[in-house]
Amino acid sequence: MNLKHKLPIAICLLSLLAMSCQNTGEESKVENVAVEANSIKLIKEKYNTDIPEKILTPDVVDTRIGTLNFFDGLPSDETTKKVYDNLDFMRGVETFLNGIPATSIEGLRLGLRDAGAHKSNQVIIFEDLMNSNQLFLTGNTSTVYATTFLDLKEDGPTVVEIPAGCGPGTVNDAFFRFVVDMGAPGPDRGKGGKYLILPPDYEGKTPAGYFVAKSTSYANWLILRGFLVDGKTDVSSKMYRDGLKVYPLKDKNSPPSMEFINGSNKEFNTIHANNYDFYPELAEVIEREPISFLDPELRGLFASIGIEKGLPFNPDERMKDILTDAMAVGNATARAISFKTREQEAAIFKTGHWESGFIGGSYQWLKDGGKGGRFLDARTRFFYAATVNTPAMVLKMVGLGSQYAMGVLDSEGNYLDGSKNYTLNIPANAPAKDFWSIVMYDPQTRSELQTDQPLPSVSSQRTPLVKNEDGSVTLYFGPTNSAPEGKEANWLQSVSGKGFFVLFRLYGPLDPWFDKTWQPGDFTLVK
């Protein structure tokens, strides 16, 4: 008998074997249930009264981590080891998912230090915009960033002078919690002013003449945005250099000179680790910040795997192996939450595949107004892929601030594939008072996609986009320029063998965005 005739027989045998295994598995489950029921029956016979079954533990219990054995409710040595290994594993996963906000801020702090900003008066300005050489979670290519870190433990109360005309600015604490907005959405309303950021343990008097905010941590991230004028960064760059000042309150009479560093020509990483190194990064934050920085519940979770203030994080080999495995599962879970969400409210529109990265409508990550407690997956989803936490992101501010939509899937629900060609239609009259943009990102780094285009983006303000007759704009995505002749400016390059996702941003969003009467098209695969 030749191979041609043997194949169907082999396939048939494999199918029978699979069915046999399935039946064996089902029979095994039935047998286990029977064993457990009989075990409970024997246990109940040892009591004088009728003990409810629901409070008893059978001698043998079949679970997803294996068979668990007990003597009268007392776990065997093997079972004890098994459940403790599992407990440490689960807490390792939960530490990753819940610790991302802290390590993400820490990644930013370390990255800015690598770029030259060691003190609060040393500010990184992206004078030529942020490009794909900087690893920065979903940064944009349309505004001029200025950023530094405040060290309230070293400097004490710190003053930040914001120049007039500054765009949206925010201070976040070391767990990515909101401290204060500055610039257009802040109390100065774009007119400029002096902000005083107080450390968590400050108990002195508060001087007059400042917008005052008290942080819960010593390390605080300051991020400011300036707008392009005539497609150029010059005005915003000059605004920062002439008007931005950061100094300790104690030095207000002779503040240190400001140092501005162009981050656009540097290569540095601001993203937290996705392997075992994540845990030492988190331990560094816990050691530096005050006990009041986190609630006892979260602090207890971290301490359960050895991350506790005042103690060295030094797990033994068994724990390292468990945490390495937990890290791998935690990272996979965060990626599923971020890129394949099961939250229905992530969908922005009734049709299509555009999603909100900021789901739940609460910058404090409260679910259903607090009735559902902390919206844990929403928090993980946001901070795994993005930065900056501010109430302005969820408020309806017509004509002010910005709104975001994330595109991960094409019109057929498949991940966007850099080896393929797609079109994306942006209908006429996009509801943005200022401008709109599309930026491509790498799913591995969640940073700008590295291609032959230094800025993997288009902007209605900066890019000479060619419109269709109806006023809409068709964008073309693919590894080579697939745009029709005359529309080459509408093409964005992808990378064969890599995926990508995009953020669609509206600056100065208008009513049609909020009431959903205007909607961007879906990514359509060119076949």
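To keep things clear, this report deals only with the structure shown in the data block. (Residues numbered from 1 in each chain as written. Predicted model: local features only at pLDDT ≥ 70, side-chain atom pairs only at ≥ 80, totals over all residues. Heavy atoms only, no water.)

### A closer look at the packing of helix H2 (residues 77-114) against helix H7 (residues 317-339)
Argument step 1. Orientation of H2 relative to H7, taken along the N-to-C sense of each, is 50°, at an axis distance of 8 Å. By the angle class used here, H2 and H7 are oblique. The handedness of the crossing between H2 and H7 comes out as right-handed. For the pair formed by H2 and H7, the contact residues are Tyr84, Asp85, Asp88, Phe89, Gly92, Val93, Phe96, Leu97 and Ile100 on the first element and Arg318, Met319, Ile322, Leu323, Asp325, Ala326, Met327, Val329, Gly330, Asn331, Thr333 and Ala334 on the second. (Axes fitted to C-alpha atoms, helices over the stretch in contact; angles between N-to-C directions. Helix = DSSP H or I, 4+ residues; strand = E, 2+ residues; numbered from the N terminus. Parallel < 35°, antiparallel > 145°, perpendicular 65-115°, else oblique. Left-handed = near helix turned anticlockwise from the far one by under 90°. Contact = heavy atoms within 4.5 Å.)

### A word on the sheet that holds strand E12 (residues 245-248)
Argument step 1. Pairing in this open sheet of four strands is mixed, and the strands run E10-E9-E6-E12 from one edge to the other. Edge positions in the sheet fall to strand E10 (211-214) and E12, since each of these pairs with one other strand and no more. Put simply, the sheet's adjacent strands are angled 20° from each other on average, direction ignored.
Argument step 2. Sheet topology places strand E6 (residues 158-162) next to E12; four bridges connect them, and they run antiparallel. Bridge pairing in E12 links Glu161 to Lys245. (Pairing = 2+ DSSP bridges.)

### A closer look at the packing of aromatic side chains
Argument step 1. In this structure the tally under the stated criterion is 33 aromatic pairs.
Argument step 2. A ring pair is formed by Phe339 and Phe501, whose centres lie 5.3 Å apart and whose planes are at 55°; its orientation type is tilted. Of the two residues, Phe339 sits in helix H7 while Phe501 sits in strand E21 (residues 501-509), which places them 162 residues apart along the sequence. The pair formed by Phe339 and Phe501 is uniform in burial state, with each residue classed as buried.
Argument step 3. Connected via pairs of aromatic rings, a cluster forms that spans Phe126, Phe136, Tyr145, Phe176, Trp221, Phe268, Phe358, Trp365, Phe382 and Phe383.
Argument step 4. Residue placement shows Lys340 over the ring face of Tyr415; its charged tip is 4.5 Å from the ring centre.
Argument step 5. In this arrangement the basic side chain of Lys367 is found over the ring face of Phe375, its NZ or CZ atom lying 4.0 Å from the centre. (Phe/Tyr/Trp six-rings, centres within 6.5 Å; stacked < 30°, edge-to-face > 60°. Buried < 20%, exposed > 50% of the residue type's maximum accessible area, 1.4 Å probe, protein only. Lys NZ or Arg CZ within 6 Å of the ring centre and 35° of its normal.)

### Structural notes on empty space enclosed by the protein
Argument step 1. Taken as a whole and assessed by the stated rule, the structure comprises one cavity of 30 Å³ or more.
Argument step 2. In this structure, the largest cavity occupies an estimated 40 Å³ of space.
Argument step 3. Contributing to the lining of the largest cavity are Pro168, Arg225, Phe227, Gly401, Ser402, Tyr404 and Tyr507.
Argument step 4. Those elements giving two or more residues to the lining of the largest cavity turn out to be strand E11 (219-227) and strand E15 (402-407). (1 Å grid on protein atoms, 1.4 Å probe; cavity = no way out; pocket = protein on both sides within 12 Å on 5 of 7 lines; lining within 4 Å. Points joined across faces, edges and corners; volume = space filled by probe spheres on them.)

### Here we look at the packing of H2 against helix H5 (residues 278-288)
For any two helices packed against each other, one specifies the inter-axial angle together with the distance between the axes.
Argument step 1. Running from amino to carboxyl end, H2 crosses H5 at an angle of 70°, the nearest separation of the two axes being 8 Å. Here H2 lies roughly perpendicular to H5, going by the angle between them. H5 is crossed by H2, and the crossing has left-handed handedness. Judged by residue contacts, Gly92, Val93, Thr95, Phe96, Gly99, Ile100, Ala102, Thr103, Glu106 and Arg109 of H2 engage Phe278, Tyr279, Glu281, Leu282, Glu284, Val285 and Arg288 from H5.

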